[in-house]
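An overview of the molecular structure
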Amino acid sequence: MTTIIEMFTKEFNQEAEITRKMLSIVPNDKYDWQPHPKSMTIRRLATHIADIPSWVDMAINSNELDFANTDHKEPVVNDTKHLLEFFEESVAKGQAALAKAKEDALDQEWIMRNGDQIYSKLTRGEVIRVSLSQTIHHRAQLGVFLRLLDIPIPGSYGPSADEQGMF
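Residues numbered from 1 in each chain as written. Predicted model: local features only at pLDDT ≥ 70, side-chain atom pairs only at ≥ 80, totals over all residues. Heavy atoms only, no water.

1. Things to note about a negative patch on the surface
- A grouping of Glu6, Glu103, Asp104, Asp107 and Glu126 is seen on the molecular surface, where their side chains present a negatively charged patch.
- Among the structural elements, Glu6 can be located in helix α1 (residues 4–23). (Patch = residues over 30% accessible without salt bridge, like charges linked within 9 Å, V, L, I, M, F, W, Y side chains within 5 Å. Areas by Shrake-Rupley, 256 points an atom, 1.4 Å probe, with all protein chains shown as cover. Salt bridge = Lys/Arg side-chain N within 4 Å of Asp/Glu carboxyl O. Lys, Arg positive; Asp, Glu negative; His and termini not counted. Charge placed at Lys NZ, Arg CZ, Asp CG, Glu CD. Helix = DSSP H or I, 4+ residues; strand = E, 2+ residues; numbered from the N terminus.)

In structure tokens form, the structure reads like this:
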């Protein structure tokens, strides 16, 4: 019987492969571009996407993330080479945490807060699920950003409209 951690690990690795393809096509000259003043820049969005796999490590190996009191900071990336290096570090952290995780720990509470303001109280397992969902969500946002720049988009779960033979 497949465990929850085994299912998370499989999905984590599949999403990492898809995300790697998307991050690898971010053009170095577009890191400051944003489609709207209220939108993130490509730098901010892509860096956040590259960071999310490390949240699995936080979910498994800590009790909370307190933005008012954390040493967890995303680096400033200025090119795709460094973006991918940061992504690979984050993926390695997430994979290592999943490899050591125990099923019974997935039901333990994990809190996201900013000082006294609590944003969410979830189980560790739910935080892993949210991290995977956030990766997918923000990767789709990045796809829209890149589409607006007329950059061909790689397929995620099959070929994209830019890939030969889609339609």
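Next comes the rest of the account.
2. Quick word on the pairing of strand β3 (residues 117–123)
- Of the strand pairs in this sheet, strand β2 (residues 109–114) and β3 are connected by six bridges, and their pairing is antiparallel. Bridging from a neighbouring strand, Asn114 pairs with Gln117 of β3.
- What sits between β2 and β3 in their antiparallel hairpin is a turn of two residues, with Gly115 showing a positive phi close to 65 degrees. (Pairing = 2+ DSSP bridges.)

3. Regarding the environment of Lys93
- Checked against the element boundaries, Lys93 lands in helix α4 (residues 80–100).
- Here Lys93 falls in the partly exposed class, since its relative accessible area comes to 45%.
- Taking the C-alpha atoms as reference points, Lys93 and Arg43, separated by 50 residues in sequence, lie 21 Å from one another.
- Residues within four places of Lys93 in sequence aside, it is in contact with Ser54 and Asp57. (Buried < 20%, exposed > 50% of the residue type's maximum accessible area, 1.4 Å probe, protein only. Contact = heavy atoms within 4.5 Å.)

4. A closer look at the nonpolar core
- Grouped together as the largest cluster of nonpolar side chains are 38 residues, with contacts concentrated most on Leu23, Ile60, Leu83, Leu98, Ile128, Leu142 and Leu146.
- In contact with Leu98, other than residues within four places in its own chain, are Ile5, Phe8, Thr9, Phe12, Val56, Ile60 and Ile128. (Core = buried A, V, L, I, M, F, W, Y, C linked by side-chain atoms within 4.5 Å.)

5. Some remarks on α1
- Taking 1.5 Å per residue, 20 residues should reach 28 Å; α1 reaches 28 Å between its end C-alpha atoms and fits that length.
- Among all positions of α1, only Ile5, Phe8, Glu11, Phe12, Glu15, Ala16, Ile18, Thr19, Met22 and Leu23 are buried.
- In this fold, the buried residues of α1 make contact with α2 (42–51), α3 (53–61), α4 and α5 (124–148). (Expected span 1.5 Å × (residues − 1).)

6. Focus: the packing of α2 against α3
- Running from amino to carboxyl end, α2 crosses α3 at an angle of 45 degrees, the nearest separation of the two axes being 4 Å. Comparing their axes, α3 and α2 come out oblique. Mapping the contact onto sequence places Ile49, Ala50 and Asp51 in α2 and Pro53, Ser54 and Trp55 in α3.
- Residues that form the contact of α2 with α3 fall into these classes: four nonpolar, one polar and one charged. (Axes fitted to C-alpha atoms, helices over the stretch in contact; angles between N-to-C directions. Parallel < 35°, antiparallel > 145°, perpendicular 65-115°, else oblique. Nonpolar A, V, L, I, M, F, W, Y, C, P; charged D, E, K, R; others polar.)

7. Observations regarding the sheet that holds β3
- Taken in spatial order, the three strands of this open sheet run β1-β2-β3, and their pairing is mixed. Looking at which strands have only one partner, the edges of the open sheet turn out to be β1 (64–66) and β3. The mean inter-strand angle of the sheet, taken between neighbouring strand axes irrespective of direction, is 10 degrees.

8. Comments concerning the packing of aromatic side chains
- In total, this model carries two aromatic pairs according to the counting rule given.
- Between the aromatic rings of Trp33 and Phe145, the centroid separation amounts to 5.9 Å while the plane-to-plane angle is 80 degrees, which identifies the pairing as edge-to-face. Of this pair, Trp33 sits in the loop between α1 and α2 while Phe145 sits in helix α5, placing them 112 residues apart in sequence.
- Given a relative accessible area of 7%, Phe145 falls into the buried group. (Phe/Tyr/Trp six-rings, centres within 6.5 Å; stacked < 30°, edge-to-face > 60°.)

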